Amino acid sequence: MDTFKHQSFFQDIKLRELHGYRVKRRPYISDESSDFNQIGAVAIDHNGFTPPPMALSFCKTSKNSHIVAVTDEGGYLSLFNTRVQIPSSSTHLQNAEKAKVSEWVAHDNAIFDVCWIKEDTNILTASGDQSIKVWDAQGKQCVRALMGHTGSVKSICPHPTNHDIIVSGSRDGSFALWDLRCSDSSSENLCIPSIATVHEAHSSPSQRRTRRGKASSVSITSILYLKDELSIASAGAVDSVIKFWDTRNLKCPVIQACPHPDASIQKAHRFHGVSSLSQDLNGAFISASCMDSRIYLYNVLQAEKGHVKTFKGCKIESFFVKSAISPDAAHILSGSSDGNAYVWQVNKPLEDPVMLKGHDGEVTALDWCTSETGKVATSSDDFTVRFWNIHSSCYSNTRSPSSIRRRVIALSCMQRRKLFSSDEKPASMKNDTASCDSKLASHQDLPDLITVPEMSTPVSKKRKPLPGFEPQENFEKTPEAAMRSPSSVLNPPSSLRKTIRDYFIVTPSGLHSK
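Each chain carries its own residue numbering, running from 1 in the direction its sequence is written. Local features in this predicted model are restricted to residues of pLDDT 70 or higher, and side-chain atom pairs are both shown and tallied only at a pLDDT of 80 or more, whereas totals for entire chains, interfaces and linings draw on every residue. Side-chain numbers here rest on the full set of heavy atoms in the structure, without hydrogens or water.

As recorded in an unreviewed UniProt entry, the protein chain goes by Denticleless protein homolog and comes from Anisodus acutangulus. UniProt positions are given in the numbering used here, feature names are shortened, and annotations may be inferred rather than shown by experiment. The protein chain has a UniProt comment under Sequence similarities (unreviewed entry) that states "Belongs to the WD repeat cdt2 family." Note on the protein chain: under the UniProt heading Pathway (unreviewed entry), the record states "Protein modification; protein ubiquitination."

Trainee: Before we go on, may I ask you to explain the overall build of the protein chain in this structure?
Mentor: Only runs of H or I of at least four residues qualify as helices and only runs of E of at least two qualify as strands under DSSP, and these elements are numbered from the N terminus. When helices and strands are counted, the protein chain shows 7 helices and 31 strands. When the 514 residues of the protein chain are sorted by exposure, 46% land in the buried category. In the protein chain, once contacts between residues fewer than 6 apart in sequence are set aside, the share between residues at least 24 apart is 53%. Of the roughly 28500 Å² of accessible surface on the protein chain, 51% is carried by carbon and sulfur atoms. Note on exposure labels: buried denotes an accessible area under 20% of the residue type's maximum, exposed denotes more than 50%, and partly exposed covers the range between, all computed with a 1.4 Å probe on protein chains only. Only heavy atoms enter the contact rule, under which two residues are in contact if any of them lie within 4.5 Å. Areas reported here follow the Shrake-Rupley algorithm with a probe of radius 1.4 Å; residue values treat only the protein chains shown as occluding.

Trainee: Any chance you could explain the sheet that holds strand β9 (residues 131–136) here in plain terms?
Mentor: Any two strands with at least two DSSP bridges between them are considered paired. With respect to topology, 5 strands assemble into an open sheet ordered β7-β8-β9-β10-β14, the strand pairing being mixed. Each edge of the sheet is formed by a strand with only one pairing partner; in this case those strands are β7 (111–117) and β14 (191–192). Bridge count for strand β8 (residues 122–127) against β9 is 5 bridges, and the pairing is antiparallel. Bridging across to β9, Leu-124 finds its partner in Val-134.

Trainee: Hey, could you run me through the UniProt feature "repeat: WD" (unreviewed entry) in the protein chain in this one?
Mentor: The UniProt record marks residues 104–145, 146–188, 324–347 and 356–398 with the feature "repeat: WD" (unreviewed entry), using the residue numbering of this structure. Helix and strand shares over residues 324–347 are 0% and 46% respectively, and the end C-alpha atoms of the span are 16 Å apart.

Trainee: Quick question: what am I supposed to make of the confidence of the model for the protein chain here?
Mentor: Detailed reading of the predicted model is not advised wherever pLDDT is low. Within the protein chain, residue pLDDT values average 78, and 63% of them lie at 70 or more. Think of pLDDT as the predictor's per-residue confidence, scored from 0 to 100. The low-confidence segment residues 208–215 (pLDDT under 50) makes 7 contacts with residues lying over four places distant or belonging to another chain. Low pLDDT, under 50, characterises residues 506–514; the predicted model gives this stretch 18 contacts beyond four residues in sequence or across chains.

Trainee: Even after reading the chapter, I still don't get the sheet that holds strand β2 (residues 37–43), so can you show me in this structure?
Mentor: Whenever strands of a sheet pair, they do so through backbone hydrogen bonds, lying parallel or antiparallel. The 4 strands lie next to each other as β2-β30-β29-β28, forming an open sheet whose pairing is antiparallel. Each of the sheet's edge strands pairs with one partner strand only, and the pair in question is β2 and β28 (363–368). Mean inter-strand twist for the sheet, computed between neighbouring axes without regard to direction, equals 20°. As defined by bridge partners, β2 adjoins strand β30 (residues 384–389) across 6 bridges and the pair is classed as antiparallel. Note on definitions: angles span 0 to 180 degrees between N-to-C directions of axes, and those axes are lines fitted to C-alpha atoms, for helices only across the stretch in contact.

Shown next, in the form of structure tokens:
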């Protein structure tokens, strides 16, 4: 008797098409850790000196996405090629010699954070020597040095689109903004001062005040430049509060977010610090790994309402343990003090995470490769960096939580001719427009449509009006006309650009300090 072979739902619709285009399959993480393939492991070694790795970062461009930068406690900056075929019989030291692209001493102290900028031509490093350096990745030369912090620099993040602007957070309790264009290129001095600094950004409410009446500052553990290009998110070691700042006015935070918005509930619990923050590629979500061994996910536009999802299963017992949300906001990867790394599905927070086994020490820094889907890197106190591939597991047609799909119905050639040859809209076009509006209205998950100013034909190209016809439109260069021009849509004034502040109702009670 023949046994019946179950045909899965995804296999059944694998070759089908939706609305005329093929649906892109998205990697799906199953419940079996065997679906995760460890593609390599390298040891951190410098002629017998083996410091533990502290931070790592994949290149951002697709052509260099296989290159990962690793920093360590000894101040070294190493670049590895993750596409090198490594034999299973070779040791970690042999793997490092084969995969290593280059290395050099970047600081005289531990390097706590690293980041690629400017199409992977420059590398940012943040060190315990209280400085930030900008490196030429090809020449291995320091081209800028950002000086001004009075404590170890724990976190750095570039502007989303303008990598000349950088924000940094320090153990001295402050975060600072830097502009690489402020230095004089003809000067031999490479040092650049900050353009703005916020001191005591995260103050402990339980600490005693000094004689001058100022609260003692606490360490900034993580800093993010949000995708709206105007807002900054910061977190500290004193509690689980995330503060959002508007770079146009840094006197006070715009809003605060924490896992327990109710102050009475917060007092009943121990104040847990945040070890790291991360955001997805679209900037819709922020993940915060907390010292209570939980990872909280926030919706950026509703952060003051508290977290939307919680992920647990790992052990976060030191501020060196980091977590990161995937670029498509579909998964969360976290290190752990128990020697394992964990992966959750964002849409299934209650399910047990998948465990990545292989390290022999606390798993600390990690990163997602933005161009090679499913490739991740993890580092540990066992002096190794391991590379994993989760793309070969299985697939799901579920879309990313941060993705938004919208169908746009184009006009036919005949309708476009009628539109430009007559001021009156054709009846068929009215019907199509009405049906399109009804379809859009039926999708509740779509955001509000943006009203685009009316675009008109220039006077010199417009048909001459009939006798007795008086045009009602005024084409003078008035401020009102400038606001209705197409250029105002593409390049709006800075005063009209929306930031995260515009989505919240700011009240005195909403800005209370923890």
